[in-house]
Amino acid sequence: MAGDLKGPGASVRAFSHGSGKMRIPTATYRIQFNPSFGFDRARRIVSYMADLGVSDLYASPVFRARRGSLHGYDIVDPNRLNPELGSLSDFHRLADELKHNNMGWLQDVVPNHMAFDQENRMLMDVIENGEASEFFRFFDIDWDHPCRDLKGRLLAPFLAGSYQDCLNEGEIKLTYGPSGLAAKYSHLVLPLKIESYGRFFTHRLEKLGRSLGADHPDFIKFLGVVYLVKSLPAGERTGERSEQVRLVKTTLWDLYRRNGEIKRFVDENLCLFNDGNAKPGATDPLNRLLSEQRFRLAFWKVATEEINYRRFFNINELICLRMEEQAVFTHTHSLIFRLIDEGRITGLRIDHVDGLYHPSGYLRRLREKAGDTYILVEKILDLDEEIPRSWPVQGTTGYDFLNYVNGLFCKKEGEKELTRVYRSFAGFRASPEGLVCDKKRLILGKHMAGDIDNLARLVEGTRAWDRYGSDITPYGLKRALVEVMCHFPVYRTYMNGETITQRDRSFMKAAIEGAKRESPGLLNELLLLERLLLLDFTPSLSEAERRQWIHFVMRFQQFTAPLMAKGFEDTTLYVYNRLISCNEVGGNPWRFGLSVQEFHRFNEKRARLWPHSMSATSTHDTKRGEDARARIDVLAEIPREWERRLRIWSRINRDKKRRVRGISVPDRNDEYFFYQALIGAFPFHERDLPLFIRRIKAYVVKAVREAKIHTAWLRPDLEYEKAYLSFIEVILGATGDGAFLDEFLPFQRMVARYGVFNSLSQTLVKITSPGVPDFYQGSELWDLSLVDPDNRRPVDFDIRKRFLKEIREECHRDIPGLAARLLQAREDGRVKLFLIHRALQARNAHPSVFAQGAYLPLEASGRFKDHVVAFARKHGSRWSLTVVPRFLTSLVPDGAYPFGREVWYDTEISLPPPSPRRWRDVILDRAVKREGAFSIGDLLGDFPVCLLVNEGSP
């Protein structure tokens, strides 16, 4: 198998699904599009991806987003491509280049939310026209909110201070332009409803009459169009009304542009309305005008306690859609389906499926319209959880795989000792369940109190409230809702009135029982919620009452996922720091390591149920890069040496700390976290240290704010943060004495060397396990990135192209020699690129084995059996065999390779009969003949991992 095998297009096979054929990717490559990396830049790396062995471009959202968006999830128009990524012809050239290379396009789709922004014309139309807007029911807004100031108005919580202060300081301005009257605050511009134009344009109207003359044709026209406003059909979605609104706006703007007196009159009115500093009461005209609008400007913190629209998580700037409405689905997906029909998009990745009101209903609609398109959902699963099997999708975006494969390299036997080290150093004693519940309560109290109020009102609207909850107060009900949500064990359930699975019932019951144990004083309230959440319907319910009951349950389920994301993923995972490589999206920091048998069971189930689900190891949402995790995992193998080093570093750095309000900064838990982050992300080369210091300083500010112990996004403690940053600068920067780095670097470099072997093992396991391997942009070299935005830094594709070109050329001459040289120079990451290239070439050459093949767990025997992960894939007469090592700190000394029988002794693996005798090592391109069992020392004789494919028949 010298040189290249067939390109990725050759590996794509059509798999039956319904009446058509589905294109299943062989491997995907995730690109984070942004204004600096658009369609044309992506087109220039298509041939590189194809040469690497990738079959599909996996694109972040490419639809029109807020100006300057760096990620594309703040969409303002789902039916237009983002012009900041390039022109339509640029998009077409990229799609054509992919087709030319037999590659597909997997597109990230955002069905749950859009940006709350003036560029969102649908939302602006709602704000301007209310019920007369064709988009009135598109957004998840409660227009009948009980708060007097929100009834019929949309909260706009974007002011940096109180509304009155912003008004008095003249920060809120009235503007006028071709689109009409609008309120402007900073970058936000919200249109005024047409019905309020009369208040502005008739203000001091007699002065305009005197200056222009009552008989002037322009004055008569001005009067006519202003008074036309009063006769507009209110709340009617008619063509006549739309035409009249257009007539009012265009006529007024035409008069303003060509008549100097009218322009002066309007400009003077603007000055009068905007004069917030002149004298007390001067802002009253503007305040009265704003009070009539369909929006209510407010201090941004108001949204934490009072909100009448559903947000993406707790982000005010992202307003959610009612995707359960057929009209919303049809309108927002029209471009997506057109691109599918044109063959430009071949797969869909559905963002945040848990945010949808009715996920299964949405996915059924999507499948019906998208036909035999490859579909994945972004879904965070507990390690023992799976997506509903009824969903018409191919799987998830692979966080479950990420955490299972990481667990392989986290040595379970080190848990007890590492727990002792963590408690001893950081003094951390909180129970897992208590910590998670506390952090969820914090999020609900500080960020989502308004959402809980809204849920409680839905409960009050059910008939069950009347009969079974007559003595329950709204306050008690809200407390009970908080407790149930805090004890919820997974991101969400999927009850919808059509089907209620045992899985969903068990999760609901677990949450309620946990709340009962924690809060026995709320028993009556919890019993009521138990009946409601388990849909234990009262027999006498009317159909309308039944629908209201189901609506509450479905709405409740929409909020458990964002609470888990913010309370657990974005808070707890920055607080509990025993081994931060376990603190990953979809992970469980208290589930320390996995046995080989547990990993095999996961893969067997995956091969049987979800063979085309994605296998990810780094994404734009992961807490750290895959190779940083692989390094940190090494600490689980050497907890006592880790403890010894901690004590030394802490002693050296003690006088580098500052005290802030009696706290030594960083505190012991933050310090423990910081040393792990350093070990994981520290660069291979000293020349990269200055940039790394800037990156790690930005990272720790985000980390301590997410932890919400000493500082937080809502209320930053800048003194604590500055003291922490000063600590980093002194121990890492040129101003320090270098004592810490002198002690730190030898240990860190040792860990990094073992981490390289973990990384290579992880990479091969990902490529050959059941599922579609995904490669996050740039991670084909060492991925030592930190959490976003650090992991969205620009990728140097030129160096990657050059490295791959050299590797491919060398593969035609001397593959074993090349492998040896790359291992010697492993710091530059080429050895990982080489492995990916060789393994993907094998996957492309034998697609049925990896896409459809059975998964055969293999158990090693001998002295070091626990240090081996091995499995086979089989389809027909074709076999593959994957063998990788782990836990090498106790197997080989630092700097040595895990090669040969002198390392592995009698360790071997056997294959089930009948199995092939003649094989080829597809990484090193050499023949391997089996006589009985395979010796691990022979398979790992010259390279740290091994992939075999059989030659001939068994």
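Model, not experiment: these values are computed from the prediction.

Moving on: the sheet that holds strand β25 (residues 868–875). Reading across from one edge, β23-β25-β26-β31-β28-β29 is the order of the six strands in this open sheet, with antiparallel pairing throughout. Edge positions in the open sheet fall to β23 (854–858) and β29 (926–929), since each of these has one partner strand only. Averaged over all pairs of adjacent strands, the angle between their axes in this sheet comes to 25°, without regard to strand direction. Relative to β25, β23 is paired through five bridges, and the arrangement is antiparallel.

Moving on, we come to the packing of helix α25 (residues 626–633) against helix α30 (residues 739–768). Remark: α25 packs on α30, axes separated minimally by 7 Å, with the N-to-C direction vectors making an angle of 120°. Classed by the angle they form, the pair α25 and α30 counts as oblique. Crossing of α25 over α30 shows right-handed handedness. Two secondary-structure elements touch here, α25 through E626, D627, R629, A630, R631 and D633 and α30 through Q748, V751, A752, G755, N758, S759, Q762 and K766. Of the residues belonging to the contact of α25 with α30, the class tally is three nonpolar, five polar and six charged.

Time to look at helix α22 (residues 523–533). Counted residue by residue, α22 has eight buried out of 11 residues, so it is predominantly covered. Of the residues making up α22, those classed as buried are E525, L526, L528, L529, E530, R531, L532 and L533. Looking at the residues trailing α22, positive phi occurs at L535, about 55°.

Okay, the sheet that holds strand β18 (residues 395–396) next. Read from one edge of the open sheet, eight strands run β18-β17-β16-β7-β4-β3-β22-β19, paired in parallel fashion. The strands lining the two open edges of the sheet, one partner per strand, are β18 and β19 (614–615). As paired elements, strand β3 (residues 28–31) and strand β22 (residues 772–776) share three bridges and run parallel to each other. From the neighbouring strand, Y29 faces β22, where its bridge partner is F775. Those strands touched by helix α14 (residues 359–370) are β7 (104–109), β16 (347–350) and β17 (374–377), and its axis lies near 165° from that of β16.

What follows is about the packing of helix α7 (residues 205–212) against helix α10 (residues 260–274). When two helices pack together, their arrangement is given by the angle between the helix axes and the distance between those axes. At a minimum axis separation of 10 Å, α7 and α10 run at an interaxial angle of 155°. Taken together, the axes of α7 and α10 lie roughly antiparallel to each other. Of the two possible hands of crossing, α7 and α10 adopt the one that is right-handed. Seen from α7, the contacting residues are L205, K207, L208, S211 and L212; seen from α10, they are E261, I262, F265 and E268. In the contact of α7 with α10, the residues fall into five nonpolar, one polar and three charged.

Applying the stated criterion to the full structure yields 87 salt bridges. The residue K832 makes a salt bridge to D627 at a minimum N-O spacing of 2.8 Å. One end of the pair, K832, is in helix α33 (residues 830–845); the other, D627, is in helix α25, and 205 residues separate them in sequence. The residues K832 and D627 share a single accessibility class, namely buried.

What follows concerns the pairing of strand β6 (residues 75–81). Of all seven residues making up β6, five are buried, and the element is well covered by its neighbours. Pairing of strand β5 (residues 63–65) with β6 involves three bridges; the strand directions are antiparallel. Counterpart to A65 in the pairing with β6 is I75.

Let's shift gears to the pairing of β22. The element β22 is largely enclosed, with a buried count of five among its five residues. Of the two faces of β22, the one lined by V772, D774 and Y776 and the one lined by P773 and F775 are each fully buried. For β19 and β22, the ladder comprises two bridges, and the chain directions are parallel. Bridging across to β22, S615 finds its partner in P773.

Looking at the chain, the pLDDT average stands at 93 and 96% of residues meet or exceed 70. Segment residues 1–19 is flagged for pLDDT under 50; beyond a separation of four residues in sequence, or across chains, it makes 56 contacts in the model.

The next subject is the side chain of T617. Take T617: it is sitting in the loop between β19 and α25. Polar contacts involving the side chain of T617 include one to the side chain of K766, which spans 2.8 Å. The residues touching T617, leaving out its near neighbours within four places in the chain, are F401, L402, V405, E626, R629, Q762 and K766.

Turning to unusual backbone geometry, a few remarks are in order. With an omega of 10°, the peptide bond running from D788 to P789 counts as cis. Residue position: P789 is located in the loop between β22 and α31 (797–811). Phi at R661 takes a positive value of approximately 50°, unusual for a residue other than glycine. Structurally, the position occupied by R661 is in the loop between β20 (658–660) and β21 (663–665). Residue D925 is not a glycine yet carries a positive backbone phi of 55°.

Procedures and definitions
- Residues numbered from 1 in each chain as written.
- Predicted model: local features only at pLDDT ≥ 70, side-chain atom pairs only at ≥ 80, totals over all residues.
- Heavy atoms only, no water.
- Pairing = 2+ DSSP bridges.
- Helix = DSSP H or I, 4+ residues; strand = E, 2+ residues; numbered from the N terminus.
- Axes fitted to C-alpha atoms, helices over the stretch in contact; angles between N-to-C directions.
- Parallel < 35°, antiparallel > 145°, perpendicular 65-115°, else oblique.
- Left-handed = near helix turned anticlockwise from the far one by under 90°.
- Contact = heavy atoms within 4.5 Å.
- Nonpolar A, V, L, I, M, F, W, Y, C, P; charged D, E, K, R; others polar.
- Buried < 20%, exposed > 50% of the residue type's maximum accessible area, 1.4 Å probe, protein only.
- Salt bridge = Lys/Arg side-chain N within 4 Å of Asp/Glu carboxyl O.
- pLDDT = per-residue confidence, 0-100.
- Polar contact = N/O pair within 3.5 Å; in protein donor to acceptor, adjacent residues only side chain to side chain.

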